[in-house]
Amino acid sequence: MWQQNNYVTFNGAALPMPTAKARLDREHYAGATTMQQEWDHVWRKTWLLAGVEQDVAEEGDFFTFDLGRESILIARTETGALSAVYNVCQHRGNRLQMLPFGSVLDSHNCPYHGWSYHLDGRLKNVPDRERFSQGIDCAQHALKPVQVRAWAGLIWINMDLDAPPLEAFLGSIMDELAPYRIEQMKLVRDQSCKLDANWKTVIDNFSEVYHVDFIHAQHASFVNCRDARVDLYPFGHSAFRVDGYVINPRYPVPDLPPPILAGAMEAIGLSPEDYRGRIDDVRAAAQQQKRKIGAAVGFDYGTLSDDQVSDIWQYNLFPNIIMTVKPEEVWIMRPRPHPTDPDKCVFDKLTLAMPFDARGSEHALVLLGDPEAARIMTSGERPERDIFTQDKVNDGSVSMTQTVDQDIYYLPDMQAGMHSAGFDAAVLSDDENRISHFHDWLAMWLQANPLRG
Ligand code: FES
Ligand SMILES: [Fe+2]
């Protein structure tokens, strides 16, 4: 059995398959015209994941979301509502808030000439106001709003004020993700890597597992990427379902679980030796064992199906979110386009983890994986935002996890190759269907907004 592809519409809605076929050539990945079209028809029109709700938990909390040349300022107001506005002062256009996140008392204050704004964006005070002899109408000079929504503990914005709600965009994916209770998870790592690659080159990398045997050889011993199930959704979203606690069946089956699988088994209290000659039984055993120890460590697997308990599901949410979902941990990977250079992006990785009662058992901390994440979780701190270049990943001084580090190593070479006179356009296999799905929908977005019908 190889990768299975299903085309899934939201609640039976009759949405057309993409009509335009994208040509994946140099212009597509590195052209200034394509970059501008994407800005006008994608970034300014779709729902975008801006950040985590925990950064705007209390009145006066804010964070900024920078994308291309734009910056959006999101805040929690006095009434408990969320506000999202363009992060630009209405006096002479200075960037209003420079910090990535923080807290203000009751207003946003422009550092340049001191204009101040209420948390909801209304103009509050203008120093030497009488010197504006033309008069200043506060209502006219409010910060310009964008749409904002909280869902799954995440903050979503849309620069299109007339765009239909997030529900229309994400459809049944919202129901599929609900059992993971992402809204209860906490941010434990906040990393940003400056990468010499177009944002779509990053999306492509996380849309196929064809490369896994070659650059992530370690995967063969703990997940079955070959037989992934793929769901293709409207608007360009897609999902991968990959079995965990298994080995890749295209290789000879060892007698004993190999080291990475054995380590994962030991972490939940299963003895690899008990599964000598029975590797096929490990996945079901892991599902049962997690449910059993879950209660002991204060973690509830009760909302999840057996598949969700053991497997790794990855959702790509159009345009630029790659969400790798496990019961204990969610990675949100997000390439953001560079303001001017299509050959660059900033690749963010937010790691969210489900709080455990760490005193309950040694399994709690092991399940949480990384000791720094466990420390952040226990301390209740917000992790620092760690910003670095791809060179730091390549020289081993920072890591976004072994698998992602391996991807980062290759992405700039992929981007560089697209500039070659010796490259025409990509040729895709059936196991790269998520790539064509994404780009065909992207081509459709560039022609007309599919969300607005
Ligand atoms: S630009 Fe903001 S107060 Fe002048
Ligand atoms: Fe990869």
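Since the model is a prediction, treat every value here as computed from it, not as a measurement.

All right, on to the sheet that holds strand E8 (residues 116–118) then. Taken in spatial order, the three strands of this open sheet run E7-E8-E9, and their pairing is antiparallel. Every interior strand has two partners, whereas the edge strands, strand E7 (107–109) and strand E9 (123–125), have only one. The average angle at which neighbouring strand axes cross in this sheet is 35°, direction not considered. Here E7 pairs with E8 via three bridges, running antiparallel. In the sheet register, His108 faces E8, and the bridge partner there is Tyr117.

To continue, consider the domain arrangement of the protein chain. Looking at the assigned domains, one finds that the protein chain contains domain 1 (48–162) and domain 2 (172–452). The centre of domain 1, based on its C-alpha atoms, is set 33 Å off from the matching centre of domain 2. When domain 1 packs against domain 2, the two sides together hide about 1900 Å² of surface, and 64% of this comes from carbon and sulfur. For domain 1, the biggest contributors to the area lost against domain 2 are Leu49, Gln54 and Trp151; these three give 27% of the whole. Joining domain 1 to domain 2, the criterion identifies three salt bridges. Ionic pairing is found between Arg452 and Asp160, a salt bridge with its closest N-O pair at 2.9 Å.

This brings us to the coordination of the iron ion (ligand 2). Coordination of the iron ion (ligand 2) by the protein is provided by His211 (NE2), His216 (NE2), Asp407 (OD) and Asp407 (OD), with metal-donor distances spanning 2.0 to 2.8 Å. Metal-centred angles of 52 to 150° between the four donor atoms at the iron ion (ligand 2) mark the site as irregular. Each donor residue of the iron ion (ligand 2) lies on the same chain, and together they follow the pattern H-x4-H-x190-D. According to the relative accessible area criterion, His211 is buried, its value standing at 13%.

This part is about unusual backbone geometry. With the exception of glycine, the majority of residues adopt a negative phi angle, and the majority of peptide bonds are in the trans configuration. In this model, Phe318 is joined to Pro319 through a cis peptide bond whose omega is -5°. A positive phi angle, near 50°, is found at Arg181, a position not held by glycine. In this fold, Arg181 is placed in the loop between helix H4 (173–177) and strand E12 (186–195). One non-glycine residue with positive phi stands out, namely Phe235, at about 70°. Along the chain, Phe235 turns up in the loop between strand E13 (223–232) and strand E14 (238–244).

Ile74, Ile157, Tyr315 and Met323 are the most contacted members of the largest nonpolar core, which has 81 residues in total. No other element matches helix H14 (residues 433–447), which puts five residues into this core. Summarising the domain contributions, this core has at least three residues from each of domain 1 (48–162) and domain 2 (172–452). Not counting chain neighbours up to four residues away, the residues in contact with Tyr315 comprise Ile173, Glu176, Leu177, Tyr233, Ser238, Ala239, Arg241, Ile321, Ile322, Met323, Val325 and Arg434. Counting residues in each nonpolar core, the second largest holds 15 residues, with Ala75, Leu96, Leu119 and Leu143 among its members.

Take the pattern of salt bridges next. According to the stated counting rule, one finds 30 salt bridges in the structure shown. We note a salt bridge from Asp120 to Arg122, for which the minimum N-O separation is 3.0 Å. In this structure Asp120 comes out as partly exposed when scored by relative accessible area, which is 35%. For Arg122, a relative accessible area of 47% translates into the label partly exposed. Taken together, the salt bridges that share partners define one network made up of Asp55, Asp190, Arg382 and Arg385.

If you trace the three strands from one edge of the open sheet to the other, you get E2-E11-E10, paired in antiparallel fashion. Lying at the two open borders of the sheet, with one neighbouring strand each, are strand E2 (48–52) and strand E10 (147–151). The mean inter-strand angle of the sheet, taken between neighbouring strand axes irrespective of direction, is 30°. Two strands pair when backbone bridges link them, and E2 and strand E11 (residues 154–158) are joined in this way by four bridges, in the antiparallel orientation. Bridge pairing links Val52 to Leu154 in E11.

We now examine the packing of aromatic side chains. In this structure the tally under the stated criterion is 15 aromatic pairs. When the ring of Trp199 is compared with that of Phe438, the centres are 5.9 Å apart and the planes differ by 85°; the resulting orientation is edge-to-face. With Trp199 in helix H5 (residues 199–205) and Phe438 in helix H14, this pair connects stretches of sequence that are 239 residues apart. Classification of Trp199 by relative accessible area gives buried; the value is 2%. Ring pairs connect the aromatic residues Phe10, Trp43, Phe169, Trp199, Tyr233, Phe235, Phe318, Phe438, Trp441 and Trp445, which therefore count as one cluster. The ring centre of Phe299 lies 5.9 Å from the NZ or CZ of Arg181, which sits over that ring.

Parameters and conventions
Residues numbered from 1 in each chain as written. Chains lettered and ligands numbered in written order. Predicted model: local features only at pLDDT ≥ 70, side-chain atom pairs only at ≥ 80, totals over all residues. Heavy atoms only, no water. Pairing = 2+ DSSP bridges. Helix = DSSP H or I, 4+ residues; strand = E, 2+ residues; numbered from the N terminus. Axes fitted to C-alpha atoms, helices over the stretch in contact; angles between N-to-C directions. Domains from an automatic or database assignment. Buried area = accessible area lost by both parts, 1.4 Å probe. Salt bridge = Lys/Arg side-chain N within 4 Å of Asp/Glu carboxyl O. Donors = N, O, S within 2.8 Å, 3.2 Å for Na, K, Ca; no water. Tetrahedral: all angles 85-135°; square planar, octahedral: opposite > 155°, others 65-115°. Buried < 20%, exposed > 50% of the residue type's maximum accessible area, 1.4 Å probe, protein only. Core = buried A, V, L, I, M, F, W, Y, C linked by side-chain atoms within 4.5 Å. Contact = heavy atoms within 4.5 Å. Phe/Tyr/Trp six-rings, centres within 6.5 Å; stacked < 30°, edge-to-face > 60°. Lys NZ or Arg CZ within 6 Å of the ring centre and 35° of its normal.

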